[in-house]
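Here are the chains, one letter per residue:
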Amino acid sequence: MSFFRELKRRNVFRVAILYLAVSWLLLQATDVLSSLLELPFWVGKLVVLLLVIGLPIALAASWLYELTPEGIKRDSALGTHDTNRNETASRLNRLTIAAAGLAILVIVADRMLPEQNSPRLVPNEVVTVAVLPFVNVSAEADQEYFADGITEEVLNLLANVQGLRVTSRTSSFSFKGQAIDLRTIARKLGVSHVVEGSVRKAGNSVRVTAQLIDVESDAHIWSQTYEREVTNVFAIQSDVAGQIARVLATALSADELSLIGGRPTTSLAAWQSFVSARSIYQSRVSRDDIEKSMSLIDSAIEDDPLFARAHSLRAALLLARPVWNASEENAEAKLQSAFDAANYALDLAPALGEPYFVLAEIALQKGELETADQMFRQAIARAPNNADGRDWYGSFLLEAGYLDRAWSEKERAAELDPLSPLISWQVAFAAVTVGRLEFVSEFTRKARENGWPGWQPEAIEGGAAMQRGQNDLAEAHYVKAFPDRAQQIADAFAAIRNRNIDAELRAVLDGLIAYGPPGGGRWHVEVNAGDLDAAYATTWSELDSSSLIAADGSGGPARLAIRWGGEPISPDWWFPSAGEFRKDPRFAELMRSVGLLAFWEKHGWPDLCQPIDGTLQCR
């Protein structure tokens, strides 16, 4: 008798088919129950593993034993033509059909369940996530920094994943220690999912519990507890971030996997200094915050000279120093130091995104518009959830005249960090520039509510009032923002109302900076008073004439005449009230000289300008 016939005689094939049908039924049932009962993600994997192990056991049993009316008997005890075999075969066929039928019923039932009962997500859907501060449940209160560090690192790792929109640290940590329900937090942050957890550190061991929650359905999609040595805390962070990204049905690229799977530093001390420095930098409201962050980051690099992300943050801090201190000496040297630090960070970790944002800003300050655009695109591809970077890119687009795209980037920055006071007032300024005045008060209010101490929100509201033609209200806002300049502001608005700048005011204006609110700068007074000759004189005075691009394309890149940090192109040129300035034939010459005309020819025309009959026509 052939082996094939013997397998058939002993019903091995029928048992195999029945086993597969029952396995299919169990897998379908597990899938449905996992959704309904919020079972851990590993349950499905366990069922598959057990079924794979069980298959050879079932086949071996069908070879050795036979099911008869008298019970299970060894095959060797039955005759070759025993009638029980046919009855067993019929019974196996019926069971197979029943199992397959039940599996089909389970599939149909699953399809009929309401979508909201299942926390599973559609692949490639953009998911919004906030990582809330993990609660420190250690016996020592001073371990709070350790819990915060784990939270920030999980947040940072998730922020590098395409397909996830992750709220920044500034906004997420604003709820630390507050007894607020998750739905309220999610609504304020504009997210659909929340990550929360706890950290208990005792001696050299740490226990971390993390869970991912679908806020709308209050479903716990994933949870896990880790118990590791403190030296292995980076593995916990990477595992939490990787698991959450996968649970949210997000495909991870090779670069994202390298960031999530990699150990950021070999030194816990360096890591803690870095986390503290990043926390201060992301919440910055003053020059002192920049200096504190720099001191900490220098300590991190001293502890681990090969810590790529520390070098990346140092580059951002070096770039920020002149911005926060207009009297900063050696600004050019600081810019070069930022350039070197950013490139060194990329040498150590090419997948990082933040250094590209820094390189983009440096290129922009040097007037290298094409390089700036390329660097911004590289940065966003690698760090799509970097709120500061999105804000910077929005500012570049604003200065380049791409007003709709600029507004989209500014809105994205506000979505990523909705409670950042710095980003809030910068979005408000963008709203004035692009004519979205209905958004101004919302974002100036957010800036104040979240602790911004400066004059910018009040001055921006003054700018919005000017765009509406409410000069009296605008003047009141500016006086409130700059009470020590009340007379200058009053004189400036008198000139705007009278459409005339007299000699006395001219002398005052000549002593002011070029751009700034009326009473603080001269360009807006000149434009709104209708003195375009003076406005263009002010514009050209800001630029280094030896750097400008000639009619034959030689020269450049354009740069500022006085360098302390800043771009040679200005968002002020695109204010709604500057229409007459843009319509003037000299505007086309200005755009060519600073490099924007060549940039537009390659990348598309700005919202308010088009080439018509060989000349640039703007409105």
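Residues numbered from 1 in each chain as written. Predicted model: local features only at pLDDT ≥ 70, side-chain atom pairs only at ≥ 80, totals over all residues. Heavy atoms only, no water.

Describing the pairing of strand β8 (residues 219-229)
Okay, step 1: Two strands pair when backbone bridges link them, and strand β7 (residues 205-214) and β8 are joined in this way by ten bridges, in the antiparallel orientation. Looking across to β8, one finds that Ile213 is bridged to His220.
Okay, step 2: Counting the residues that bridge the hairpin from β7 to β8 gives four residues, and of these Asp218 lies at a positive phi of roughly 60 degrees. (Pairing = 2+ DSSP bridges. Helix = DSSP H or I, 4+ residues; strand = E, 2+ residues; numbered from the N terminus.)

What about the nonpolar core?
Okay, step 1: Core analysis: the largest hydrophobic core is formed by 132 residues, its most contacted members being Trp573, Phe581 and Phe587.
Okay, step 2: Apart from residues lying up to four places away in sequence, Phe581 is in contact with Trp523, Val527, Leu532, Ala535, Tyr536, Thr539, Trp573, Phe587 and Leu590.
Okay, step 3: If you look at the next biggest cluster of nonpolar residues, it comprises twelve residues, including Leu132, Leu182, Ile185 and Leu419. (Core = buried A, V, L, I, M, F, W, Y, C linked by side-chain atoms within 4.5 Å. Buried < 20%, exposed > 50% of the residue type's maximum accessible area, 1.4 Å probe, protein only. Contact = heavy atoms within 4.5 Å.)

Considerations on the packing of aromatic side chains
Okay, step 1: If you walk through the whole model with that rule in mind, you get 19 aromatic pairs.
Okay, step 2: Aromatic side chains Phe396 and Phe599 sit 6.0 Å apart centroid to centroid with 75 degrees between the ring planes, which places their arrangement in the edge-to-face category. In this pair, Phe396 sits in helix α16 (residues 387-399) while Phe599 sits in helix α28 (residues 596-603), placing the two residues 203 residues apart along the sequence.
Okay, step 3: Looking at Phe396, the relative accessible area reads 1%, which means it is buried.
Okay, step 4: Accessibility expressed as a relative area gives 5% for Phe599, which makes it buried.
Okay, step 5: Centroid distance Phe429 to Phe575: 5.8 Å. Interplanar angle 55 degrees. Geometry classified as tilted. (Phe/Tyr/Trp six-rings, centres within 6.5 Å; stacked < 30°, edge-to-face > 60°.)

Observations regarding empty space enclosed by the protein
Okay, step 1: Inspection of the entire model under this criterion finds two cavities of 30 Å³ or more.
Okay, step 2: Empty space within the largest cavity amounts to approximately 570 Å³.
Okay, step 3: Taken together, 36 residues form the lining of the largest cavity, with Asn156, Arg278, Gln282, Glu354 and Asn386 sitting closest to its centre.
Okay, step 4: Broken down by class, the residue content of the lining of the largest cavity amounts to 16 nonpolar, twelve polar and eight charged. (1 Å grid on protein atoms, 1.4 Å probe; cavity = no way out; pocket = protein on both sides within 12 Å on 5 of 7 lines; lining within 4 Å. Points joined across faces, edges and corners; volume = space filled by probe spheres on them. Nonpolar A, V, L, I, M, F, W, Y, C, P; charged D, E, K, R; others polar.)

What to know about the pattern of salt bridges
Okay, step 1: For the structure shown, the criterion picks out 25 salt bridges.
Okay, step 2: Across the salt bridge formed by Arg448 and Glu461, the nearest N and O atoms sit 3.0 Å from each other. Placement of the pair is Arg448 in helix α19 (residues 440-449) and Glu461 in helix α20 (residues 456-467), with a sequence separation of 13 residues.
Okay, step 3: Under the relative-accessibility criterion, Glu461 is labelled buried at 15%.
Okay, step 4: The partner of Asp533 in a salt bridge is Arg586, and the shortest N-O contact between them spans 2.9 Å. Within this pair, whereas Asp533 is found in helix α25 (residues 532-541), its partner Arg586 is found in helix α27 (residues 586-594), the two being separated by 53 residues in sequence.
Okay, step 5: By relative accessible area, Arg586 is classed as partly exposed at 31%.
Okay, step 6: Taken together, the shared-partner salt bridges in this structure form one network comprising Arg165, Arg412 and Glu415. (Salt bridge = Lys/Arg side-chain N within 4 Å of Asp/Glu carboxyl O.)

Details of the side chain of His311
Okay, step 1: Structurally, His311 is set in helix α12 (residues 308-324).
Okay, step 2: Classification of His311 as buried rests on a relative accessible area of 10%.
Okay, step 3: Setting aside anything within four residues of it in sequence, one finds His311 in contact with Ile301, Pro305, Ala341, Tyr344, Ala345 and Leu348.

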